[in-house]
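# Architecture at a glance
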Amino acid sequence: MAKIFAVSNQKGGVGKTTSAVNLAAAFGAMGKRVLLIDVDPQGNATSGVGVDRRKVKYSSYDVLVDEHPLQDCIIKTEFKNLSVVPSSLDLAAAELEIADKEKREAILKNALLPVKSDYDYVFIDCPPSLGLVTVNALTCTDTVLIPIQCEYYALEGLAQLMNTVRRVKRVYNPHLDIEGVILTMYDGRLNLTQQVVNEVKKYFPRRVYSTPIPRGVRISEAPSFGQPVIYYDHSCKGSKAYMDLAKEIIKKERG
């Protein structure tokens, strides 16, 4: 049965989608069967694995709004062991369209049930907001990965995210937990970076991964080629960091 990670932070520009895509690809490269679910209306996780969302027949929008079978939406990517449920431009309106549905918070959870045994891991790229779509992701997930950038205002808005996680845990998903915090855009040469790292570790004691994700041109370039960075340039620092982080997550899980 798959373990489900929601990758979430409502603050934009923190490396959320980059981390979802590259961790999913790294887990797949390590021999794990992986499903990446894109529920962000921007659809960057979809294009980041080489899928043109303008050409897909069914997307996560159809799952959430029309309760279409999730199996019909899954697309195998060209990358090892990695499949994706693509996003759609229509997803931006999904919040309003599911607002009056019964058990609206559990639509994605119920849709995932028939396919959970087909995968080892599921990664959900959440929208940069804390609306109904994110609540759906948190209701069906086992655990949350929070990317935080090593820059000013790194912790801005995190209190809201934690309040949402606590509310979903209390009302919808009692097993929900924080898996860990991913430090992104890391530059060890800057004093600011270490200050931010220390601040994040105070906020999330024992939850911060020891493998940071560095700033890197190759990480930034890879999405425009529709490839995770480990396939775009497997020898760059960003590729090594995401592979090391994937190993750290698996080791922590087993520990």
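To be clear, the structure that these remarks concern was listed above.
These remarks concern the structure in this document. None of these values were measured; they are calculated from a predicted model.

## Some details on the overall build of the chain
The number of helices and strands found in the chain is 11 helices and 7 strands. Radius of gyration (C-alpha) of the chain: 17 Å, near the 18 Å computed for a compact globule of 255 residues. The C-alpha extent of the chain, read off along each of the three principal axes, is 50 × 40 × 35 Å. Taking all 255 residues of the chain together, the buried fraction comes to 56%. Counting contacts in the chain only where the partners sit at least 6 residues apart, residues at least 24 apart contribute 80% of the total. Surface exposure of the chain reaches about 11,800 Å², of which carbon and sulfur atoms provide 48%.

## A short note on the pairing of strand β2 (residues 34-38)
Taken across its 5 residues, β2 has 5 buried, putting it largely inside the fold. The alternating pattern of β2 places Val34, Leu36 and Asp38 and Leu35 and Ile37 on opposite faces, both of which are buried. Note: β2 against strand β5 (residues 121-125), 5 bridges, orientation parallel. When the bridges of β5 are listed, valine 34 appears paired with tyrosine 121.

## What to know about the environment of glutamate 97
With respect to the helices and strands, glutamate 97 occurs in helix α4 (residues 94-98). Taking relative accessible area as the criterion, glutamate 97 reaches 38% and is therefore assigned partly exposed. On a C-alpha basis, the gap between glutamate 97 and valine 65 in space is 6.4 Å, while along the polypeptide they are 32 residues apart. Ignoring sequence-local partners within four residues, the contact set of glutamate 97 consists of Tyr61 and Val65. In this structure the side chain of glutamate 97 is engaged in a polar contact, spanning 2.9 Å, whose partner is the side chain of tyrosine 61.

## So, the sheet that holds strand β4 (residues 82-85)
Across the sheet, 7 strands lie side by side as β3-β4-β2-β5-β1-β6-β7; this open sheet has mixed pairing. In this open sheet, the two edge strands, each paired with only one partner strand, are β3 (75-76) and β7 (177-184). Here 4 bridges tie β2 to β4, and the two strands are oriented parallel to one another. Across the sheet, residue valine 34 finds its bridge partner in β4, namely leucine 82.

## Thoughts on the side chain of aspartate 40
Residue position: aspartate 40 is located in the loop between β2 and α2 (44-48). What makes aspartate 40 buried here is its relative accessible area of 2%.

Cut-offs applied
Residues numbered from 1 in each chain as written. Predicted model: local features only at pLDDT ≥ 70, side-chain atom pairs only at ≥ 80, totals over all residues. Heavy atoms only, no water. Helix = DSSP H or I, 4+ residues; strand = E, 2+ residues; numbered from the N terminus. Rg over C-alpha atoms; globule rule 2.2 N^0.38 Å. Buried < 20%, exposed > 50% of the residue type's maximum accessible area, 1.4 Å probe, protein only. Contact = heavy atoms within 4.5 Å. Areas by Shrake-Rupley, 256 points an atom, 1.4 Å probe, with all protein chains shown as cover. Pairing = 2+ DSSP bridges. Polar contact = N/O pair within 3.5 Å; in protein donor to acceptor, adjacent residues only side chain to side chain.

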